[in-house]
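# Geometric and topological summary
Residue strings, one per chain:
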Amino acid sequence: MRATLLLPGALGLLLAALLLGLLTGPYALSPGRIAELSTAALWGERATGAEASVLFQIRLPRVLAAALVGAALSSAGAAYQVCFRNPLVSPDILGVSAGAGFGAVLGILLGLPILLIQGLSFLGGLATVMLVMGIAALLGNRGEVLTLVLCGIAVGALAGAGVALVKTLADPDDQLPAMTFWLLGSLAGTRPADVTLLLPAMTVGLLPLLLLRWRIGVLAVGDEEARALGIEVGRLRLVVIACATLMTAAAVAASGTIGWIGLMVPHMARLVGGARFDRVLPLSALLGAAFMVAIDTLCHVQQGMQDRGEAAVPFHVTIYVTICGVRQDACGLPSPRRFATWLHKLAGYIAAERMLHRQPRPEPHLRRGAGARL
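Residues numbered from 1 in each chain as written. Predicted model: local features only at pLDDT ≥ 70, side-chain atom pairs only at ≥ 80, totals over all residues. Heavy atoms only, no water.

## Re helix H2 (residues 31-42)
Compared with the 16 Å implied by 1.5 Å per residue over twelve residues, the 16 Å span of H2 between its first and last C-alpha is a close match. Buried residues of H2: Ile34, Leu37 and Ala40, and no others. The buried residues of H2 occupy one face: seen down the axis, they fall within an arc of 130 degrees. Positioned one or two residues after H2, glycine 44 has a phi angle of 85 degrees, which is positive. (Helix = DSSP H or I, 4+ residues; strand = E, 2+ residues; numbered from the N terminus. Expected span 1.5 Å × (residues − 1). Buried < 20%, exposed > 50% of the residue type's maximum accessible area, 1.4 Å probe, protein only. Arc of directions from axis to C-beta.)

## Comments concerning the nonpolar core
Of all hydrophobic cores here, the largest spans 84 residues; its most connected members are Tyr80, Phe84, Leu94, Leu209 and Ile216. Setting aside chain neighbours within four positions, we find tyrosine 80 in contact with Arg85, Val89, Ser90, Pro91, Ile93, Leu94, Ile241, Ala244 and Thr245. (Core = buried A, V, L, I, M, F, W, Y, C linked by side-chain atoms within 4.5 Å. Contact = heavy atoms within 4.5 Å.)

## What to know about the confidence of the model for the protein chain
Averaged over every residue, the pLDDT of the protein chain is 80; residues scoring 70 or more account for 79%. Here helix H16 (residues 370-373) stands out as the element of the protein chain with the lowest mean pLDDT, 40, in contrast to helix H4 (residues 96-109), whose mean of 92 is the highest. Low pLDDT (under 50) marks residues 311-334, which in the prediction has 41 contacts with non-local residues, meaning those over four places away or in another chain. (pLDDT = per-residue confidence, 0-100.)

## Digging into the environment of leucine 110
If you trace the backbone, leucine 110 turns up in the loop between H4 and helix H5 (114-138). Sequence separation between leucine 110 and glutamine 175 is 65 residues; the distance between their C-alpha atoms is 9.5 Å.

## Observations regarding the environment of valine 233
Note on placement: valine 233 falls in helix H11 (residues 233-255). Spatially, the C-alpha atom of valine 233 lies 9.5 Å from that of cysteine 83, the residues being 150 residues apart in sequence. Beyond its immediate stretch of four places on either side in the chain, valine 233 contacts Leu219, Asp223, Ala226 and Arg227.

## Details of the pattern of salt bridges
Following the criterion strictly, the structure yields nine salt bridges and no others. Between aspartate 223 and arginine 85 there is a salt bridge, with its nearest N and O atoms 3.1 Å apart. Here the residue aspartate 223 occupies a position in helix H10 (residues 223-228), and arginine 85 occupies one in the loop between helix H3 (50-83) and H4, the gap between them amounting to 138 residues. Each of the salt bridges in this network shares a partner with another, and the network as a whole consists of Arg33, Glu36 and Glu51. (Salt bridge = Lys/Arg side-chain N within 4 Å of Asp/Glu carboxyl O.)

## A short note on the packing of aromatic side chains
Summed over the entire model, instances satisfying the criterion amount to one aromatic pair. Ring centres of tyrosine 80 and phenylalanine 84 lie 5.5 Å apart, and the angle between their planes is 10 degrees; on these two criteria the pair is classed as stacked. You can call tyrosine 80 buried: its relative accessible area is 0%. (Phe/Tyr/Trp six-rings, centres within 6.5 Å; stacked < 30°, edge-to-face > 60°.)

Okay, here's the thing in structure tokens:
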């Protein structure tokens, strides 16, 4: 596919997924009615009635939140994979998801309202990564990837142990189910306030990555080579970690822990757009948003079918496992990291085939008409 068509194609795919998410549901809304209500809202008219409530209070916030969460996790995953030079890195490599989960379950244990639970989750994710960076600095780390990853694994395991401890102290009839369902990840209870939480964090986190995407792409060749090209590796890696952590913490605070998206979508973007990070980052954001909206639409359609007692879609278990990030080994499906390995190998094979079948350009002195010029 031509590079000039990649971003418009991904944007069209996202718009189609957004429209599908707005149209789909137990309450029927036609495209004409959606356009009419949206036009009235843009002109400042206050729409009333059941259709307006369904569109603006339920479906639109959920669809927008799904798009923002998918774009945030995919962009963070693509940035981390280049920053750490590892195709199997996901946005929670430094423990941000575990820290956000610990903050959320602690808020549920204390009986806080939902806004404070989300705020505590957001702060927990940021505090975890700050602790990782602090420990790495105390160990004399000067930007080495291995030290950051090992500190992230250790702090993430500590946060996971904290989550388990809080769950043992929770009320098994009231608080424990709420913690369990929150940790699984869901967009079912999305409100307009969640979108207002996600949008600033998404903007602040993604904009520096987009502006620095050419420099970030240089990190893939190695630290020494990047320094030789004039890149301040330590400072640039710190910016990448800060931006990716901000987006991931906001996404986890709004929707709970959702796996797979930040690990897989960057590989999908590389399959269609190549390995250049300046193309992979915007393509990952658009594809991640479209993928998340489509998966969430399929999930709530499936849930509605089950609530009405209708026949279930055969692949509903796969969809549920995909969006929640639950291990697929118990269902007989490949785990996300194993599937990512397959996808990474497939991308390598495709790139190798392109190199083998690419016709070499002739030397200047052998081109047609070169002799006449000489």
